[in-house]
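Inside the fold
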Amino acid sequence: MQHDTRKTRGRPKAWDDKAAQNTVKSLDRALEVLIALGEMQGGTLSEIATNLHQSPATVYRVLTTFQGRGFVDFDRQAQVWSIGAAAFLTGSQFLRRTSLVERARPIMRDLMEATGETANLGIERDGKVLFLGQVETHATIRAFFPPGTVSAMHASGIGKALLAHMDDARQRRVLAAGKLEQFTPHTLTDPEAMIADLHAAHARGYAFDGEERNMGMRCIAATVHDVSGDAVAGLSVSGPTSRITDDKIAPLAHAVTEAAARLTAAIGGAPR
């Protein structure tokens, strides 16, 4: 008997149909718990339930299910739940499937050695910056953005670099999609001031985060482009204001833009 091979392609006819009947609501709610736990970087049952506006009993069932698969861990002494090794291993498959991270690694290492500051790689996902990789400086005081960290675009060097290469309409859509939260006194929260800052970043070829996310920390970022010339990622160096002083911004920006150009070439890209 001959089988219909069309059924083995892994998706039903209604693949693009996002109707409610094509989603598993219990799975969706469970993933909300896992995502929230990651964003909270751990928490007690009551903290997680309060954060999600769900009952502790429901959240507990989800957590114990994930625990059984190794996606979450539970510290009995502290009564704290946290992301488990299985979640990391599953998530790391995303990094393995893209040549961007592989190509970036040696370039980021060279950038760190040349500048003495931590080098970072990030992309835009759902209006936020998703950090894909980092090469830490040998210095004692340093920035720390492990792979998987998510940050607000308007208060991030990489985020602002990527925003600066969007057209005006898309810039405004991304900025309007979320509140421009004020993290420090230096954070730009006025949309028009942010747009002006992005235009300046585009003109000079790099973006600058001057203590806009964390007091005492600065970041300089440039964009990486694909074959079509679109900005698909950002490369940056970040460090304390005591080392990234005003007179160091220009030479650091030169090193970052050169590294971004190398990575663009390595993935077959061409900057506009």
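As a reminder, the structure under discussion sits directly above these lines.
First, a word on what this report is: a plain description of the structure on this page. (Residues numbered from 1 in each chain as written. Predicted model: local features only at pLDDT ≥ 70, side-chain atom pairs only at ≥ 80, totals over all residues. Heavy atoms only, no water.)

1. Overview of the sheet that holds strand β6 (residues 207-210)
Within a sheet, each strand pairs with its neighbour through backbone hydrogen bonds, oriented either parallel or antiparallel. Read from one edge to the other, the open sheet built from six strands follows the order β5-β4-β3-β8-β7-β6, with strand pairing classed as antiparallel. Because the sheet does not close on itself, it has two edges, and the strands there are β5 (150-152) and β6. The mean angle between the axes of side-by-side strands here comes to 30°, regardless of whether they run parallel or antiparallel. (Pairing = 2+ DSSP bridges. Helix = DSSP H or I, 4+ residues; strand = E, 2+ residues; numbered from the N terminus. Axes fitted to C-alpha atoms, helices over the stretch in contact; angles between N-to-C directions.)

2. Some thoughts on the environment of A203
Residue placement: A203 occurs in helix α8 (residues 191-204). Residues A203 and A164 lie 39 residues apart in sequence; the distance between their C-alpha atoms is 9.0 Å.

3. Details of helix α1 (residues 25-40)
Because an α-helix completes one turn every 3.6 residues, residues spaced three or four positions apart along the sequence face the same direction. The end-to-end C-alpha distance of α1 is 23 Å, a good match for the 22 Å that 16 residues give at a rise of 1.5 Å each. Listed as buried for α1 are A30, V33, L34, A36 and L37. Along the axis of α1, the buried residues cluster in a sector spanning 165°; they form a single face. Opposite the packed face of α1, turned more than 90 degrees from it, sit the exposed residues K25, I35 and E39. For α1, the secondary structure elements touched by its buried residues are α2 (45-52), α3 (56-68), β1 (72-75) and β2 (80-83). One or two steps after α1, the chain reaches Q41, where phi turns positive at roughly 60°. (Expected span 1.5 Å × (residues − 1). Buried < 20%, exposed > 50% of the residue type's maximum accessible area, 1.4 Å probe, protein only. Arc of directions from axis to C-beta. Contact = heavy atoms within 4.5 Å.)

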